[in-house]
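# Remarks on the overall topology
Read off the chains here:
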Amino acid sequence: MYLLVLTAILAVIIVATKGLLQPYVDANYDMQVIQMAKQTQKPMPAEAVAAGRTAAGYIFLVFAALTPVLSGLLGGLANWGGAKILRVPLTLGRGVFIATLASVPRVLSFLSTAVQGAVLDTSNVTSLFSASLGPARFVDPATTSPAVLGLLASIDVFAVWTIVITAVGVSVVTKTSRSSGWLVSVVAWALVVLLSLVPAALT
């Protein structure tokens, strides 16, 4: 139920703020096109770029709206795995429940991007990372390796907020010490980061 509610709320937010998010989505797509052209040594035709930008916008909307579902399920597995490693009595179902609640900051991160799109000059944004409230905001995605960029993106304000919620949730649900909750939360975060960096490391 929480997954469905959060997904519905985020879908409404994304549709309502699509115009404010679009400059970041377009810049991110353009960056990927440039990187692809460097690798293939063959520029993409202008018509294909325009069509791809439109398709990328819709794909972004769909996957962005599914953020609570993906974060809840993947984060739940990570919470469960971290608890198993540290021998904390956390079931998979409760791990998913905690991860779902901890995905609320990610929902708010889209609002943060929309607010920035409304009040800042978006003519010089280079990617979605330009809206990051963390170190990824200050590096050039064109010259930074995808693995490093992904790692920097995983330590923004909203990621830290998620870690805090997870730590408290694990501690309360399992009736263990707060330090155990923090350890499980950090291990779960590390597992998710490592998994997300695998594709970037292979490129």
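Everything here concerns the structure above.
To keep things clear, this report deals only with the structure shown in the data block. (Residues numbered from 1 in each chain as written. Predicted model: local features only at pLDDT ≥ 70, side-chain atom pairs only at ≥ 80, totals over all residues. Heavy atoms only, no water.)

### Structural notes on unusual backbone geometry
Only a minority of non-glycine residues have a phi that is not negative, and only a minority of peptide bonds are not trans. Despite not being glycine, Arg 87 shows a phi value in the positive range, around 60 degrees. Along the polypeptide, Arg 87 turns up in the loop between helix H4 (67-86) and helix H5 (92-102). With relative accessibility at 79%, the residue Arg 87 sits in the exposed group. You will see that Lys 175, though not glycine, has its phi angle at about 55 degrees, which is positive. (Helix = DSSP H or I, 4+ residues; strand = E, 2+ residues; numbered from the N terminus. Buried < 20%, exposed > 50% of the residue type's maximum accessible area, 1.4 Å probe, protein only.)

### Quick word on H4
The α-helix winds at 3.6 residues per turn, so residues separated by three or four positions along the chain end up facing the same way. If you check H4, its first and last C-alpha atoms are 27 Å apart, about what 20 residues at 1.5 Å a residue would give, namely 28 Å. All buried positions along H4 are accounted for by Thr 67, Pro 68, Gly 72, Gly 75, Gly 76, Ala 78, Asn 79, Gly 81, Gly 82 and Ala 83. Downstream of H4 by a residue or two, Arg 87 has a phi angle that is positive, lying close to 60 degrees. (Expected span 1.5 Å × (residues − 1).)

### Concerning the packing of aromatic side chains
For the coordinates displayed, the defined rule picks out three aromatic pairs. Between Phe 158 and Trp 161, the aromatic rings sit 6.5 Å apart at their centres with planes inclined by 25 degrees, giving stacked as the arrangement. Of this pair, Phe 158 and Trp 161 both sit in helix H8 (residues 157-174), three residues apart, which is roughly one turn of that helix. Judged by relative accessible area, which is 9%, Phe 158 ranks as buried. Trp 161 gets classed as partly exposed once you look at its relative accessible area, which sits at 38%. (Phe/Tyr/Trp six-rings, centres within 6.5 Å; stacked < 30°, edge-to-face > 60°.)

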